[in-house]
Amino acid sequence: MAAPNDDQLPRVSVIIPHFNMPDALDICLTSVRAQALDGDVEIIVVDNGSRQLPQTVVARHPGVRLLSEPTPGPGPARNTGVAAARAPLLAFIDADCRAEAGWLAAAVAALEAAGPRGVVGGDVRIDVADPAHLSPVAAYESVFAYRQRMYIEKQGFSGTGNLAMHRDVYARVGPFSGIGLAEDRDWGQRATAAGYRIAYVPAMRIYHPARPDFASLQVKWQRHIAHDWAEHVAAGRPAWRWRLKAAAMPLSVLVDGLRLALSDRLSGLGNRWRGITVLARLRLYRGTEMRRVMAAGGDDAGRHWQAAA
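Residues numbered from 1 in each chain as written. Predicted model: local features only at pLDDT ≥ 70, side-chain atom pairs only at ≥ 80, totals over all residues. Heavy atoms only, no water.

Draft legend 1. Broad picture of the pattern of salt bridges. Tallied over the full model, the rule gives 18 salt bridges. Note that Glu42 is salt-bridged to Arg86, the shortest N-O span being 3.5 Å. Taken together, the residues Glu42 in strand E2 (residues 41-47) and Arg86 in the loop between helix H3 (74-84) and strand E4 (89-93) connect sequence positions 44 residues apart. As a salt-bridge pair, Asp94 and Arg78 come within 2.5 Å of each other at their nearest N and O atoms. Here the residue Asp94 occupies a position in the loop between E4 and strand E5 (98-99), and Arg78 occupies one in helix H3, the gap between them amounting to 16 residues. A single burial state applies to Asp94 and to Arg78, both of which are buried. Residues participating in the shared-partner salt-bridge network are Asp123, Arg125, Arg205 and Arg265. (Salt bridge = Lys/Arg side-chain N within 4 Å of Asp/Glu carboxyl O. Helix = DSSP H or I, 4+ residues; strand = E, 2+ residues; numbered from the N terminus. Buried < 20%, exposed > 50% of the residue type's maximum accessible area, 1.4 Å probe, protein only.)

Written out as structure tokens, the structure is:
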């Protein structure tokens, strides 16, 4: 991969929001800089209010630009990166992710084949050291986290941690939202509503570490449930539908437990059993949290995002 020079526009700009994870950022940058692609690649890291700017890490990767965005949230950080980017194609990856060889080439090829209206999202897998012996949370997330194909094909959005587009699409759809919304879903559904079709590109694969413990899963779902309740209220949907969904959470373990048991993303009975235990515990928690947010009003999404970052 060639670094950009001042005389020629880069073929693609890779934008990486960062918040308090310098070691992970180092791994991410190593994987992005190792991508094989004809043409220049611009890499922009946008720090989002870390305790310390990752200057030392970025300095180990020549040609990478480091910017700062004080407004909390990955959406504003990505917007700052886009404003500084020079390429006609934009690719987004999160600082705690590792790009598989061929990730960027797959994204660029899909965008160039799609033309100026192209938007693509790729596969996200859990990054594990020993696939035969997963932690309970890693076993669960290997099946149920980052379900990109479903998000793209059924819900009209891609996770922004593995997303690419033509700059013109971003200009027409508008910037990513702030911390008060699920910015990936919000942007993707705005793009879909504007007539853009997001394509799923399985060869565009990245790896994301599993959350370290069950408490981290709780924080994630606190944030998502607060967002979902705000959308439920804004759409004028009846309260009984929310209560019914909360009550159905324990029953969903039966269906999704079978899905986990049969998934080709896990191997071994031990991994499958550990994943099912987390699934059951989490669905019970989600039902309880849905009732709590309904009673409280659900205004704590921003607090939960900062806790999860």
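Now that the structure has been shown, we can carry on.
Draft legend 2. Structural detail: the packing of aromatic side chains. Tallying each qualifying case throughout the model produces 6 aromatic pairs. Ring geometry for Tyr170 against Phe176: centres 5.9 Å apart, planes inclined by 55°, an arrangement best described as tilted. With a centroid separation of 5.5 Å and 40° between ring planes, the pair formed by Phe176 and Trp187 is classed as tilted. One end of the pair, Phe176, is in the loop between helix H7 (167-173) and helix H8 (183-193); the other, Trp187, is in helix H8, with 11 residues separating them in the sequence. Accessibility expressed as a relative area gives 4% for Phe176, which makes it buried. (Phe/Tyr/Trp six-rings, centres within 6.5 Å; stacked < 30°, edge-to-face > 60°.)

Draft legend 3. Structural detail: the environment of Glu69. Inspection of the secondary structure puts Glu69 in the loop between strand E3 (65-68) and H3. Judged by relative accessible area, which is 13%, Glu69 ranks as buried. Placed 159 residues apart in sequence, Glu69 and Asp228 show a C-alpha to C-alpha distance of 26 Å. Once residues within four sequence positions are removed from consideration, Glu69 is found in contact with Val46, Asp47, Asn48, Gly49, Pro76, Ala77 and Thr80. Side-chain polar atoms of Glu69 contact the side chain of Thr80, separated by 2.6 Å. (Contact = heavy atoms within 4.5 Å. Polar contact = N/O pair within 3.5 Å; in protein donor to acceptor, adjacent residues only side chain to side chain.)

Draft legend 4. Structural context of unusual backbone geometry. In this model, Asn20 sits at a positive phi of 55°, which is unusual for a non-glycine residue. By the secondary structure assignment, Asn20 is in the loop between strand E1 (12-18) and helix H1 (22-33). Notably, Tyr146 is not glycine yet its phi reads approximately 55°, a positive angle. Note on placement: Tyr146 falls in the loop between helix H5 (136-144) and helix H6 (148-155).

Draft legend 5. Local environment of the pairing of strand E6 (residues 119-127). Of all 9 residues making up E6, 7 are buried, and the element is well covered by its neighbours. Summarising the sheet, E6 and strand E7 (residues 162-166) pair through 3 bridges and their orientation is antiparallel. By the bridge assignment for E7, Gly121 is matched with Leu163. (Pairing = 2+ DSSP bridges.)

Draft legend 6. Up close: the side chain of Asp47. Residue placement: Asp47 occurs in strand E2. Within the structure, the side chain of Asp47 is placed 2.6 Å from the side chain of Ser50, a separation counted as a polar contact. Each residue touching Asp47, except ones within four places of it in the same chain, is listed here: His18, Leu53, Pro54, Leu66, Leu67, Ser68 and Glu69.

Draft legend 7. View of the sheet that holds E4. Taken together, 8 strands build an open sheet; the order of strands is E3-E2-E1-E4-E7-E6-E8-E5 and the sheet is mixed. Strand pairing shows two members of the sheet lacking a second neighbour, E3 and E5, which therefore form its edges. Pairing between E1 and E4: 3 bridges, direction parallel. Its bridge partner being in E4, Ser13 is matched across the sheet by Leu90. Here H1 sits on the sheet and contacts E1, E2, E4 and E5; the angle it forms with E1, its principal contact strand, is near 170°. (Axes fitted to C-alpha atoms, helices over the stretch in contact; angles between N-to-C directions.)

Draft legend 8. Seen up close, the packing of helix H10 (residues 239-248) against helix H12 (residues 269-296). Between H10 and H12, whose axes approach to 8 Å, the crossing angle comes to 155°. As summarised for this structure, H10 and H12 are arranged roughly antiparallel, according to the angle between their axes. The interaxial crossing formed by H10 with H12 has left-handed handedness. Contact residues: Ala239, Trp242, Arg243, Lys245, Ala246 and Ala247 in H10; Gly287, Met290, Arg291 and Met294 in H12. Of the residues assigned to the contact of H10 with H12, the class counts are 6 nonpolar, 1 polar and 3 charged. (Parallel < 35°, antiparallel > 145°, perpendicular 65-115°, else oblique. Left-handed = near helix turned anticlockwise from the far one by under 90°. Nonpolar A, V, L, I, M, F, W, Y, C, P; charged D, E, K, R; others polar.)

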